[in-house]
2 protein chains.
Amino acid sequence: MSERTLVKNLAALEDGPVSVSGWVETVRDQKKVQFVVLRDESGAVQLVNPAVRELVDDDDPESATKLATTEAISALAHGSFLTVTGALKHDERVKLGGLEVRIGALEVVSESLPETPIAADSSLDKRLDWRFLDLRNPKQNLIFRVQTTIEHAFRQYWIDNDFIEIHTPKLMASASESRAELFEVGYFETTAYLAQSPQFFKQMAQPAGFGKVFEIGPAFRADPSFTSRHATEFTSVDAEISWIESHEDVMALHEELLVAAFTAVKEKHGEALKEHFDLDVVVPSRPFPRIPLAEAKRIVGERGYEIPRADDDMDPEGERRIAAYVKEEFGHDFVFLTDYASSIRPFYHMRHEGDSSLTNSYDLIFNGVEISTGAQREHRVDVLIEQAREKGLEPEELEFYLDFFRYGVPPHGGFGMGLARVLMLLLGEQSIRETTYLFRGPTRLLP
Amino acid sequence: MSERTLVKNLAALEDGPVSVSGWVETVRDQKKVQFVVLRDESGAVQLVNPAVRELVDDDDPESATKLATTEAISALAHGSFLTVTGALKHDERVKLGGLEVRIGALEVVSESLPETPIAADSSLDKRLDWRFLDLRNPKQNLIFRVQTTIEHAFRQYWIDNDFIEIHTPKLMASASESRAELFEVGYFETTAYLAQSPQFFKQMAQPAGFGKVFEIGPAFRADPSFTSRHATEFTSVDAEISWIESHEDVMALHEELLVAAFTAVKEKHGEALKEHFDLDVVVPSRPFPRIPLAEAKRIVGERGYEIPRADDDMDPEGERRIAAYVKEEFGHDFVFLTDYASSIRPFYHMRHEGDSSLTNSYDLIFNGVEISTGAQREHRVDVLIEQAREKGLEPEELEFYLDFFRYGVPPHGGFGMGLARVLMLLLGEQSIRETTYLFRGPTRLLP
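Since this is a predicted model, take the numbers as computed values, not measurements. (Residues numbered from 1 in each chain as written. Chains lettered and ligands numbered in written order. Predicted model: local features only at pLDDT ≥ 70, side-chain atom pairs only at ≥ 80, totals over all residues. Heavy atoms only, no water.)

Student: Requested: an account of the overall build of chain A, with residues and values cited.
Tutor: Looking only at helices and strands, one finds 11 helices and 18 strands in chain A. Overall, chain A is about 95 × 60 × 40 Å in size when its C-alpha atoms are taken along their principal axes. Counting only residues that meet the buried cut, chain A has 61% of its 447 residues in that class. Looking at chain A alone, contacts between residues at least 24 apart form 64% of all its contacts between residues at least 6 apart. Accessible area for chain A stands at about 18,100 Å²; split by element, carbon and sulfur atoms hold 49% of it. (Helix = DSSP H or I, 4+ residues; strand = E, 2+ residues; numbered from the N terminus. Buried < 20%, exposed > 50% of the residue type's maximum accessible area, 1.4 Å probe, protein only. Contact = heavy atoms within 4.5 Å. Areas by Shrake-Rupley, 256 points an atom, 1.4 Å probe, with all protein chains shown as cover.)

This is the structure:
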């Protein structure tokens, strides 16, 4: 590797020779002195060069070099990647980090075209067209550092608690959720479908005796909607555990994971999030509030909102309102809405003993938006078949899945959570397009 | 959660009441005493019950309970899931862990069908049909615990070294490797393709200024082959880093990752791997041997093997032979074959300065089989376009990718590695079908 110093590590160095590499963020080409702000993956630093505008002494090679450097800086395009060796100088008058690098030698490693196709005020759609340039913004860079920290905190929790990591296949012979939002794939002599979730296969780990499993991986929904919360391909965070007594055990796991993640984010990125997002990370307290869905609907109704839906579900506005209520009443950013009606839950959710109209399930709402669904699963194969039939599914098509329940299976449950939604809501972003590395939607397949 | 004790934790407990949950591995139903081996995700334990074959005293409820328990054990199907409360008793005469649980109460939580469809001697294909039963074998369970440890060690290394985790889209508008092995997906009004690798998008992180990135995720190849090393969907371990000087920097990263992973596996699973695989994990020493491909071909030729290929590539037998040579000469299980001919490398591999017939690339061979390809990438857009053309690609179709190189990009490189292959070779398994949670091949899409 080249012996460059990351910009964030400059502050700890004493004055003296350094080498930095990154891209040109701004150039201020004044008559007597030139300033370049160079950014790398860790931060930005001011480079400074006393301008030498003409050759003073034909025979002085140093003078020629200085002229060449000055001219190179004048010609720099925004975005070009440079390696600069020079002298680090701490100087508290320099606004940017209280230090600068006096340019000795400057090498343009990779030149940018002169016109940058996006600007700070470009539309989101245009920025996504040029996502690789958009991501140079330190704010966007921070989003994916936060994502990295969240995922690692989840995984560290799972590892510490003896979970097994699985990679379930994304090519399936049937739908896992609904036939309505399925992508079809030509698969040799037959047709495959892209997994809408790892649901069936993370459940398979339970009769397989894996006990506790997790997966972070892609899921696909041929969903023609254009909301700020939906994508046709998204990263799903999944866990599934054996020997639960109810969905309460799943919620307890879910809480612990989120507390671990938010604690890690606050510790590692608290300052940067304050700077770039004006955000104070709040680590949620446990237990998160829990409200049965029917009660939540009653509450928002009493507060003057009539949910405009024919079915038993909450709508997004209702979710915002119940979250506002929870924030007022309990000062909490999260709420579990529990015990959803069987009519609006998939066939594999376990229903209440003694009241089959309700399920052992929940949605998790964060800052007013649903980020996750969890449930205890029905593990009794006869009940499962009956529930599938009732939902209009043909048990014959699900034989491979139903087999999982015929040779013994422990009671189990789990959740699936959209990673980009968690990030969006944590950071107060307006769209998951901002918190997805490369968004995929009905009209976006590029870059 | 139910208050069960994991089997592996019984040894540390004193004699006394316990509750265990798991599935029935064997039943020995003797006249006077019954033995059940119960397995859970952590191990197996012997349960013992003095048989009560008839009701001694009609009025004694305890006697009735004992008769019922005896009859329940006699009726147990292999595989049924139980919860047993009873008395833990350490007894060194018990072969299985030196302890047993004397059954107090036994609950059949989930009953298995009486006939298990696979046995120890079932064919691999049949075992894969019933993968969830096959995975109950403690050896298979261990495979995925080792996988979990390997992945976590990789990620810990990446986190410690400031990498950003990315999730690149698996739905693409074009091929990323070759048009020959592409899965097509109907995508709203157009056609998408499943990503054959995250190549283009992990490279995108470089002009985006992410510096160092990693991803572990699925990749898809519509490869009609049926070898023990190929799958149509596999888990790819990918990293890509900026500011390298050559592929040597990528190899250095690659070595460090593997050493971290093997160290973690040895520490966490050394004993279990000895028991189940008769394996002594060897942590490889650094640096791994490096041999230019041309020299490797000369060496195997001198040792009597003529490579039966018209192109410049090595064949699998050649890889086995060069690995055998390396093992003899250097006592090493790994070897980097370097400097592959441009003719057999993708257009985006950087070529030698001054000799465009060779690339800055390598394959990593482990125990005689290729597990990974790495390279420095060509980051000069004009050279890249020329190399694409030379390979018969239309630069017009690659515009979105070529744009990544037009606004400045640091020199960079990386590798992609097949996770199931690493596991297969580490464990001495004969097929990646054994080390893939759910294998996908031309004729296998189920379960």
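Student: Describe the UniProt feature "binding site: L-aspartate" (unreviewed entry) in chain A, with residues and values.
Tutor: All names here are of chain A. The UniProt entry lists Glu177, Arg221, Thr373 and Arg377 under the feature "binding site: L-aspartate" (unreviewed entry), expressed in the numbering used here. With respect to the secondary-structure elements, arginine 221 resides in the loop between β10 (212–220) and β11 (233–242). Summarising the element assignment, arginine 377 is placed in the loop between β17 (369–376) and α9 (381–390). Given the relative accessible area of 2%, arginine 377 is considered buried. Discounting residues that sit within four places of it in the chain, arginine 377 has contacts with Gln199, Lys202, Gln203, Glu240, Tyr348, His349, Met350, His412, Gly413, Gly414 and Phe415. A polar contact of 2.8 Å, which involves the side chain of arginine 377, links it to the side chain of glutamate 240. (UniProt positions renumbered as here; feature names shortened; annotations may be inferred. Polar contact = N/O pair within 3.5 Å; in protein donor to acceptor, adjacent residues only side chain to side chain.)

Student: So what's going on with the relation of the copies chain B and chain A? Residues and values would help.
Tutor: With an RMSD of 0.0 Å, the operation that places chain B on chain A is a rotation of 180° combined with a shift of 0.0 Å along the axis. Classification of the inter-copy transformation places it as that of a two-fold axis. When each C-alpha of chain B is compared by its distance to the rotation axis, Val185(B) comes out closest, at 2.3 Å. Comparing interface residues between copies, 100% of those in chain B also sit at the interface in chain A, which points to an isologous, same-surface contact. (Least-squares fit on C-alpha atoms with pLDDT ≥ 70 in both.)

Student: An account of the UniProt feature "binding site: ATP" (unreviewed entry) in chain A is needed here, citing residue identities and associated values.
Tutor: Residue and element names in this part refer to chain A. UniProt records the feature "binding site: ATP" (unreviewed entry) at Glu370, Gly418, Leu419, Ala420 and Arg421, using the numbering of this structure. These residues run over 52 residues, yet every pair of their C-alpha atoms falls within 11.8 Å of each other. Within the secondary structure, glycine 418 sits in strand β18 (residues 412–418). For glycine 418, a relative accessible area of 16% puts it in the buried group. Within the element layout of this structure, alanine 420 appears in helix α11 (residues 419–427). When its relative accessible area of 13% is taken as the criterion, alanine 420 is described as buried. Not counting residues within four places of it along the chain, the set of residues in contact with alanine 420 comprises Ile432, Thr435 and Thr436.

Student: Would you mind going over the interface of chain B and chain A in detail, with residue names and values included?
Tutor: Taken together, the contact between chain B and chain A spans 103 residues of the former and 103 residues of the latter. Counting the surface lost from both chain B and chain A, the interface buries some 8,800 Å², and carbon and sulfur atoms represent 64% of this. Where chain B packs against chain A, one counts 6 salt bridges. Of the charged contacts in the structure, one is a salt bridge between Arg145(B) and Asp162(A), with a shortest N-O distance of 3.7 Å. Scanning the region where chain B abuts chain A turns up 36 residue pairs in polar contact (both at pLDDT 80 or more). In terms of residue count, helix α4 (residues 138–160) of chain B provides more of the side of chain B that touches chain A than any other element does, 10 residues in total. Grouping the constituent residues of the side of chain B that touches chain A by class yields 53 nonpolar, 27 polar and 23 charged. (Buried area = accessible area lost by both parts, 1.4 Å probe. Salt bridge = Lys/Arg side-chain N within 4 Å of Asp/Glu carboxyl O. Nonpolar A, V, L, I, M, F, W, Y, C, P; charged D, E, K, R; others polar.)

Student: Tell me about the side chain of Asp238(A), residues and numbers included.
Tutor: All names here are of chain A. Counting through the fold element by element, aspartate 238 comes out in strand β11. On the accessibility criterion, aspartate 238 (4% relative accessible area) is buried. Here lysine 202 takes part through its side chain, which lies 2.7 Å from a polar atom of the side chain of aspartate 238. Reaching out from aspartate 238, the side chain makes a polar contact with the side chain of serine 236 at a distance of 2.5 Å. Here aspartate 238 is in contact with Trp158, Pro198, Lys202, Val213, Phe214, Glu215, Phe415 and Gly416, once residues within four sequence places are set aside.

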